[in-house]
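# Examination of the molecular architecture
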Number of protein chains: 6
Amino acid sequence: MRPSGRAPDEMRAITITPNFTRHAEGSVLIAFGDTKVLVTASIEEKVPPFLRGKGEGWVTAEYGMLPRATHTRGAREAAKGKQSGRTQEIQRLIGRSLRAVTDLKLLGERQIVLDCDVIQADGGTRTAAISGAWVALRLAVDKLMASGKLTTDPILHKVAAVSCGMYQGQAVLDLDYPEDSNAEADANFVLLDDGKIAEAQATAEGACYDEESLLRLLRLARIGCTQIFAAQEAAVSGATGR
Amino acid sequence: MRPSGRAPDEMRAITITPNFTRHAEGSVLIAFGDTKVLVTASIEEKVPPFLRGKGEGWVTAEYGMLPRATHTRGAREAAKGKQSGRTQEIQRLIGRSLRAVTDLKLLGERQIVLDCDVIQADGGTRTAAISGAWVALRLAVDKLMASGKLTTDPILHKVAAVSCGMYQGQAVLDLDYPEDSNAEADANFVLLDDGKIAEAQATAEGACYDEESLLRLLRLARIGCTQIFAAQEAAVSGATGR
Amino acid sequence: MRPSGRAPDEMRAITITPNFTRHAEGSVLIAFGDTKVLVTASIEEKVPPFLRGKGEGWVTAEYGMLPRATHTRGAREAAKGKQSGRTQEIQRLIGRSLRAVTDLKLLGERQIVLDCDVIQADGGTRTAAISGAWVALRLAVDKLMASGKLTTDPILHKVAAVSCGMYQGQAVLDLDYPEDSNAEADANFVLLDDGKIAEAQATAEGACYDEESLLRLLRLARIGCTQIFAAQEAAVSGATGR
Amino acid sequence: MRPSGRAPDEMRAITITPNFTRHAEGSVLIAFGDTKVLVTASIEEKVPPFLRGKGEGWVTAEYGMLPRATHTRGAREAAKGKQSGRTQEIQRLIGRSLRAVTDLKLLGERQIVLDCDVIQADGGTRTAAISGAWVALRLAVDKLMASGKLTTDPILHKVAAVSCGMYQGQAVLDLDYPEDSNAEADANFVLLDDGKIAEAQATAEGACYDEESLLRLLRLARIGCTQIFAAQEAAVSGATGR
Amino acid sequence: MRPSGRAPDEMRAITITPNFTRHAEGSVLIAFGDTKVLVTASIEEKVPPFLRGKGEGWVTAEYGMLPRATHTRGAREAAKGKQSGRTQEIQRLIGRSLRAVTDLKLLGERQIVLDCDVIQADGGTRTAAISGAWVALRLAVDKLMASGKLTTDPILHKVAAVSCGMYQGQAVLDLDYPEDSNAEADANFVLLDDGKIAEAQATAEGACYDEESLLRLLRLARIGCTQIFAAQEAAVSGATGR
Amino acid sequence: MRPSGRAPDEMRAITITPNFTRHAEGSVLIAFGDTKVLVTASIEEKVPPFLRGKGEGWVTAEYGMLPRATHTRGAREAAKGKQSGRTQEIQRLIGRSLRAVTDLKLLGERQIVLDCDVIQADGGTRTAAISGAWVALRLAVDKLMASGKLTTDPILHKVAAVSCGMYQGQAVLDLDYPEDSNAEADANFVLLDDGKIAEAQATAEGACYDEESLLRLLRLARIGCTQIFAAQEAAVSGATGR
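Residues numbered from 1 in each chain as written. Chains lettered and ligands numbered in written order. Predicted model: local features only at pLDDT ≥ 70, side-chain atom pairs only at ≥ 80, totals over all residues. Heavy atoms only, no water.

### With respect to the overall build of chain A
Using the following cut-off: Strands here are runs of E lasting at least two residues and helices are runs of H or I lasting at least four, both read from the DSSP assignment and numbered beginning at the N terminus. Each radius of gyration reported is based on C-alpha atoms, and the globular scaling rule is 2.2 Å times the count of residues to the power 0.38. Using a 1.4 Å probe on the protein chains alone, a residue whose accessible area is under 20% of its type maximum counts as buried, one over 50% counts as exposed, and one in between counts as partly exposed. Every residue pair with non-hydrogen atoms within 4.5 Å of one another is taken to be in contact. We count Lys and Arg on the positive side and Asp and Glu on the negative side, and we leave His and both chain ends out. A charged residue contributes its charge at one atom only: NZ of Lys, CZ of Arg, CG of Asp or CD of Glu.
Each helix and strand counted, chain A has six helices and nine strands in total. Against the globule reference of 18 Å for 242 residues, chain A gives a C-alpha radius of gyration of 18 Å, in line with a compact fold. Across the 242 residues that make up chain A, the buried fraction comes to 62%. Of all intrachain contacts in chain A linking residues separated by at least 6 positions in sequence, the fraction that spans at least 24 positions is 70%. In chain A, 29 positive and 31 negative side-chain charges are present, and the distance between their average locations comes to 6 Å.

Shown next as structure tokens:
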């Protein structure tokens, strides 16, 4: 029995509010249940040093958690003077995931920065961030295309992510905080809308797992991502009237 | 003529949404027009080292701006590894302003941290933060009193803040970004609901100003704060049913 | 009764020693009683990145306090690895104050850095720093003019600063440390020699204040600054034989 | 055809030199071909703050790469003043992997720190580090048991790790640098000697992959880890005469 | 011929002004010609962690250079966020030199911090700092003895330091900046008033030197330190009336 | 009697293993008894900013100690976020010592970085580092000459270093850790193969020393360096077949 009463393969409610803020080229508030992440996409007409002059673009991400997004207040990373290893691990994952569906040559020599800031946390912040970042990226790229700066769409696929885990011996989808903090194993899958895998990470927390469990978790992730793809589609259609 | 078409003594719409997030003891989203600040109040049952064992509490604040709260993306302070002078100046001002209306002895040996994070910026983020922080503090203290941890209310007054400035030779209230970035002088007033002043800061940006202008700006601030006090009252009543 | 026995509107002795060190283009030791600040002005034939190629100059300041300038030793900021919020707030104020009297276009594409280092502290270090910085800036600009690098004087006015405060219910001028640490309200005014105000900052420390008090403090500041302008004039005349 | 001429399921030569340095409680130089990592295990009779007084121990890891372990010199992290996101990600993985086979309650209130320093890099440094760290940990725990500080062995299993990837469309085992830098997908598996999985991480670098590929990579990892377990066994036997 | 016209064994004028600032337990402005260093001695009734509870005291030093102490402005270390290697090397040397003449057991469980801040630099700042620090330490210890906190004098000897170098093939005493920046070899000697050596450091800058030169430099240092000991004696007598 | 049973003028065994790692242009593992330092020389075809465009090269060094090179584990400098004063002092000394034997004009506008990482420490790590760095530099320069990038050898001399000290009243050569931590005085000499001195540093640790002792320590250093020069020669010959 899950603490929330959900079925093992049941996602929390997915809500995506496009254009949540007004300055960014793309902006979205995504919620997986009580987990709420604000993602903005900023287009910069320059690339990092290692790409200069190569005619290629870059997509990258930064991640942050507001100090009181969590049950007890966490220290502000800006005040501590450094980003934690966890933060860096997550923002590297988000960036890789979005680059996996972007043709950087088609993007041209510009950079899109995805800022993912957790307003409220209840498990699964990194997967909500990836799923929301795709929408923000989509909205920003739509602006580049509408303005004529791009003529060919550099976004090749949808990408979404969801967490799964072994909780009290059972494989369950979309862990909330009470599950996440007690799971025996904890996995994050980043999937494409053609069924391919961009990233799979499965970590034993309390008990190591077997191949069969890994596959079961992956199958749950496919169920969850199908729903996220639909929510992404609806959000983009609503935002742009496409 | 103001860019927004407002009258010189006209505030932007003030919106205060209490309980915007669920984990913090007090939480509020405050908007002055397009400026939106999320403020949470966190109660910690400990005090900073310099107060330990003195039987007194502390109220402090931290301030941050999401990277794309602004027209162009600003670098994330957590990634740069330090808070800017501007950030520190603002968070010190917020903390002082809230301490000005709190009896720290009555609060007892505990600390309340006010995290003010700017979701969207259009001028006046520090004054919106102070005005919203009072509501978050009020909600948090109400919880302490409801739980019996406090029996006497340590909050002595309402406090609110608003910016004013000399724009094209005229004193105007509640500067938005187009005004703020072109004002000849720029002032922030932190006022109490009994008419007293907690803080006055008036800075020449392009042209030094005279005593008469300072007084005119202060009078505008009184008009603005009166409206903010009403909005604070309504938000607290709505949130708590008082 | 003030601890020092001074009248409410009585400044401490003002001493300005120009050319206190030999390498800087401008250099001065300024004392307000026991508060002693060494200010140097350094001319650099380059400007910060945001001004490059705009044909305009910049005036900026840095502030520091020697570890044992105070009653008890404070940690060295260079050893701690960062400047405190207080330090940054002060150096931003000093820079703004001097820019308020400088025509940056006339200065040309060069920067003048004012280093203000407190040798001994007894209250009012920031106001002594601003008042001394004007003399150091004046001496440095005089060298630019003597050498023919400048033909029109970019310094438009004198600028001086002084602190005032409400101490035991009375408005007093030029707070020393015993007053400063016990004042109910504490204000710093930065004034021009034509009576205009460059910056007013008045902060409640123990009790909020009213409009009448604010005006009374401003009037005291005018008295103090008049004496500082005279001391600045004498110091510059003595240094340059003008 | 692999650049090294190896068969797809062929590991590089595994060499484990126990007791490579003399001060650490456990020490090993592990080589996977030209990748060489020095691992030391240090026993500290204290635990991190979050575990104090809980009667439990901790196993953690730190990772570093000598500046010229690589083809071109990388900046020294100590000189840059911070560890990269990659470094932190790797050391967190190493720590988790070793904790997955350690009963922290049996270890008692002490910490074992595994320092993994890459002397020479040719792909697979993190997997060599994990595999070597197990031997260093084993040697250190053997000392605790020999001295009577521990009576029950807290190490529950062997753990080893190996990288695999899709290289030119083919699943290959134990990527060296030329393969690693050109792989379409890159996976690291951390396996136990009972066949369970402690961690699986599979990342698309150039092309997303399907479920079948993920399984094929896992099967290769099983082949590789079997050989590593044997080398670990031999190294420990040689070192201790068990 | 030396740029200053001095004879090879001729010191610059030594001036020591005791009690230059008022808050520190010991304070001195020392000048070797145009090199001016302010040294304060602060007594702290606590010791660093490694000495706690051992009944022993500690003497340590910090060194800084005001940004415009030099011909061209140097970046402020507090603003850069770290002390340079040169700064750390110098402050370690000053601390060691003063500990060489202090009986730390007699000092008791307290620390004396010597802050050496260079107001104006013209070569030899570290040797002036050491020589001045002895006077500041002497004055602070005198206060401890006068107050009865110490009954036995923990200062065993005078210590002084001077730089020497090979300049245009000739051994010269007390290098000023024009000599220092062109010397073939550069030495600093820290000597006791009984003729013993606390520290000798001789560095080839342009040309390596032989044993005979090393001895010649040491002999010059003895000449210089004899004069510094006399100036220290006079300063202490003048300050304390001993 | 020395703890190791060595005669006062007896070096520990010197072992130099050239080409210890494969990527660096020069690489060596040097051991003085149980002290083992890995040194790599990296050629970079660029120079630090202060040398750009001057047609001159640069030789510099960085030094690190693996956390468990020592008896008890030391904190990793990369994790602490800064290099200690000791580390910076040592790496500055190594750089100076190697520059003392290099004609930087002949080297041309390129930089050679010597990374000295202590694998195992037993006293004398800095002197082993200098002695090994010469071999690494020699091997790297040999590659520049073999490739025709250099036609005239910029290395003018061999340079070696050794520590000496007063231990229980006796001058002894090449201190190991038990001696180093109990010596009354501790000296490091950097000598050239023509007998000249590049650097002499002699520090009183427990008792100040006299001129005669300084000379005796220098004479021991000459004995030690003669043996190091021979080992350097043999290592280079062995490595290159010269």
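Moving on from the model shown.
### Focus: the relation of the copies chain E and chain F
A rotation about some axis, followed by a shift along it, carries one copy of the chain onto the other. Selection criterion: Least-squares superposition aligns the copies on the C-alpha atoms of those residues with pLDDT at or above 70 in both.
Note on the identical chains: chain E maps onto chain F by a rotation of 180 degrees and an axial translation of 0.0 Å, with an RMSD of 0.0 Å. When the rotation and shift are considered jointly, the pair of chain copies conforms to a two-fold rotation axis. Looking at the rotation axis and the C-alpha trace of chain E, the residue lying nearest is Gln201(E), at 2.2 Å. Mapped onto chain F, 100% of the interface residues of chain E again fall at the interface, so both copies present the same surface.

### Describing the interface of chain E and chain F
Selection criterion: Joining two parts hides part of their accessible area as seen by a 1.4 Å probe, and the buried area is that hidden amount summed over both. For this analysis, a salt bridge means a side-chain nitrogen from Lys or Arg found within 4 Å of a carboxyl oxygen belonging to Asp or Glu.
Taken together, the contact between chain E and chain F spans 28 residues of the former and 28 residues of the latter. The junction of chain E with chain F conceals about 2500 Å² of combined surface from both sides, 51% of it contributed by carbon and sulfur atoms. Taken as a group, Glu89(E), Cys208(E) and Glu211(E) account for 23% of the area that chain E buries against chain F, more than any other trio of residues on that side. Where chain E touches chain F, the interface holds six salt bridges. With a closest N to O distance of 3.4 Å, Glu211(E) and Arg222(F) form a salt bridge.

### Digging into the interface of chain A and chain B
Keep this limit in mind: Polar contact is the term for a pair of N or O atoms within 3.5 Å; when the atoms are in protein, one must be able to donate a hydrogen and the other to accept it, and sequence-neighboring residues count only if both atoms are side-chain atoms.
Contacts between chain A and chain B engage 37 residues on the former and 37 residues on the latter. Our count for the chain A to chain B interface comes out at 14 salt bridges. Between Glu62(B) and Arg76(A) there is a salt bridge; the shortest N-O distance is 2.9 Å. Across the contact surface, chain A and chain B share 22 residue pairs in polar contact (both at pLDDT 80 or more).

### Looking at the sheet that holds strand β5 (residues 111-120) of chain A
Residue and element names in this part refer to chain A. Test applied: Strand pairing is defined by DSSP finding a minimum of two bridges between the two strands. Angles shown run from 0 to 180 degrees and are taken between the N-to-C directions of axes, each axis being a line fitted to C-alpha atoms and, for helices, limited to the stretch in contact.
Reading across from one edge, β1-β2-β3-β5-β4 is the order of the five strands in this open sheet, with mixed pairing throughout. The sheet terminates laterally at β1 (14-18) and β4 (58-65), the two strands that pair on one side only. Sheet twist, expressed as the average angle between the axes of neighbouring strands with direction ignored, equals 20 degrees. Bridge count for β4 against β5 is eight bridges, and the pairing is parallel.

### Side note on the environment of Glu184(B)
Residue and element names in this part refer to chain B. Along the polypeptide, Glu184 turns up in the loop between α5 (177-180) and β8 (185-192). Given a relative accessible area of 22%, Glu184 falls into the partly exposed group. Taking C-alpha positions, Glu184 is 21 Å from Arg222, a pair spaced 38 residues apart along the chain. Once residues within four sequence positions are removed from consideration, Glu184 is found in contact with Met166, Tyr167, Gln168, Gly169, Thr203, Ala204, Glu205, Gly206 and Ala207.

### Observations regarding the relation of the copies chain A and chain B
Turning chain A through 180 degrees and shifting it by 0.0 Å along the axis lays it on chain B, with an RMSD of 0.0 Å. Interface residue correspondence from chain A to chain B reaches 100%, placing this contact among same-surface, isologous pairings.

### As for the pairing of strand β9 (residues 197-204) of chain F
For β9(F), the tally of buried residues reaches eight of eight residues, placing the bulk of the element in the interior. When strand β9 (residues 197-204) of chain E meets β9(F), the two strands line up antiparallel, connected through five bridges. Pairing of Gln201(E) across the sheet is with Gln201(F), part of β9(F). With antiparallel pairing between neighbouring strands as the criterion, strand β8 (residues 185-192) of chain F and β9(F) make up a hairpin whose turn holds four residues, including Gly195(F) at a positive phi of roughly 90 degrees.

### Some thoughts on the arrangement of the chains
Taking C-alpha atoms as the reference, chain C and chain D come no closer than 11 Å and do not contact one another. With no contact between them, chain A and chain E keep their nearest C-alpha atoms 11 Å apart.

### Notes on the UniProt feature "binding site: phosphate" (unreviewed entry) in chain A
This is how the line gets drawn: UniProt positions are given in the numbering used here, feature names are shortened, and annotations may be inferred rather than shown by experiment.
Mapped onto this numbering, the UniProt entry gives "binding site: phosphate" (unreviewed entry) at Arg86(A), Gly124(A), Thr125(A) and Arg126(A). For this annotated set, covering 41 residues, all C-alpha atoms fall within 13.3 Å of each other, a compact arrangement in space. Positionally, Arg86(A) belongs in helix α2 (residues 85-99). Residue Arg86(A) is classed as partly exposed on the basis of its relative accessible area of 27%. Beyond its immediate chain neighbours, meaning those up to four positions away, Arg86(A) contacts Tyr63(A), Met65(A), Thr125(A), Arg126(A) and Arg92(D). Along the polypeptide, Thr125(A) turns up in helix α4 (residues 125-146). Relative accessible area serves as the criterion here: at 7%, Thr125(A) is assigned to the buried category. Those residues in contact with Thr125(A), other than ones at most four positions away along the chain, are Thr35(A), Val37(A), Tyr63(A), Arg86(A) and Val118(A).

### With respect to the UniProt feature "domain: Exoribonuclease phosphorolytic" (unreviewed entry) in chain A
All names here are of chain A. In this numbering, the UniProt entry assigns the feature "domain: Exoribonuclease phosphorolytic" (unreviewed entry) to residues 10-140 and 159-222. Structurally, residues 10-140 is divided into 30% helix and 31% strand, and its ends, taken at the C-alpha atoms, are 31 Å apart. Measuring from the first to the last C-alpha atom of residues 159-222 gives 12 Å, for a span that is 25% helix and 45% strand.

### So, the packing of helix α4 (residues 125-146) of chain E against helix α6 (residues 211-240) of chain E
Residue and element names in this part refer to chain E. Put simply, the test is: Each angle receives one of four descriptions, namely roughly parallel if under 35 degrees, roughly antiparallel if over 145, roughly perpendicular if within 65 to 115, and oblique otherwise. Crossing chirality is assigned from the near helix's rotation relative to the far helix, an anticlockwise turn below a right angle marking it left-handed and a clockwise turn marking it right-handed. Just so you know the grouping, Ala, Val, Leu, Ile, Met, Phe, Trp, Tyr, Cys and Pro go in nonpolar, Asp, Glu, Lys and Arg go in charged, and all remaining residues, Gly too, go in polar.
Direction vectors running N to C along α4 and α6 enclose 30 degrees, while the axes themselves pass 10 Å from each other. Between α4 and α6, the interaxial angle falls into the category roughly parallel. Note that α4 runs across α6; the crossing there is right-handed. Residues Ser131, Trp134, Val135, Arg138, Leu139 and Asp142 of α4 form the contact with α6, whose own contacting residues are Ile228, Gln232, Ala235, Val236, Ala239 and Thr240. Here the residues of the contact of α4 with α6 sort into seven nonpolar, three polar and two charged.

### Some details on the sheet that holds strand β2 (residues 26-32) of chain C
Residue and element names in this part refer to chain C. Spatial ordering of the open sheet is given by β1-β2-β3-β5-β4, a layout of five strands whose pairing is mixed. Sheet topology places β1 (14-18) and β4 (58-65) at the edges, where each strand pairs with a single neighbour. Mean inter-strand twist for the sheet, computed between neighbouring axes without regard to direction, equals 20 degrees. Against the sheet, helix α2 (residues 85-99) touches β4 and β5 (111-120), its axis set at about 145 degrees to β4. Each of β1 and β2 is contacted by helix α6 (residues 211-240), which is oriented at about 25 degrees to β1, the strand it contacts most.

### Looking at the pairing of strand β7 (residues 170-173) of chain E
As defined by bridge partners, strand β6 (residues 159-167) of chain E adjoins β7(E) across four bridges and the pair is classed as antiparallel. Within β7(E), the position partnered with Gly165(E) by the bridge is Val172(E).

### Section: the confidence of the model for chain A
We count it as follows: Per-residue confidence from the predictor is reported as pLDDT, a score between 0 and 100.
On average, residues of chain A carry a pLDDT of 96, and 99% of them reach 70 or more. Overall fold confidence for the complex sits at a pTM of 0.93, while the interface term, ipTM, reaches 0.94.

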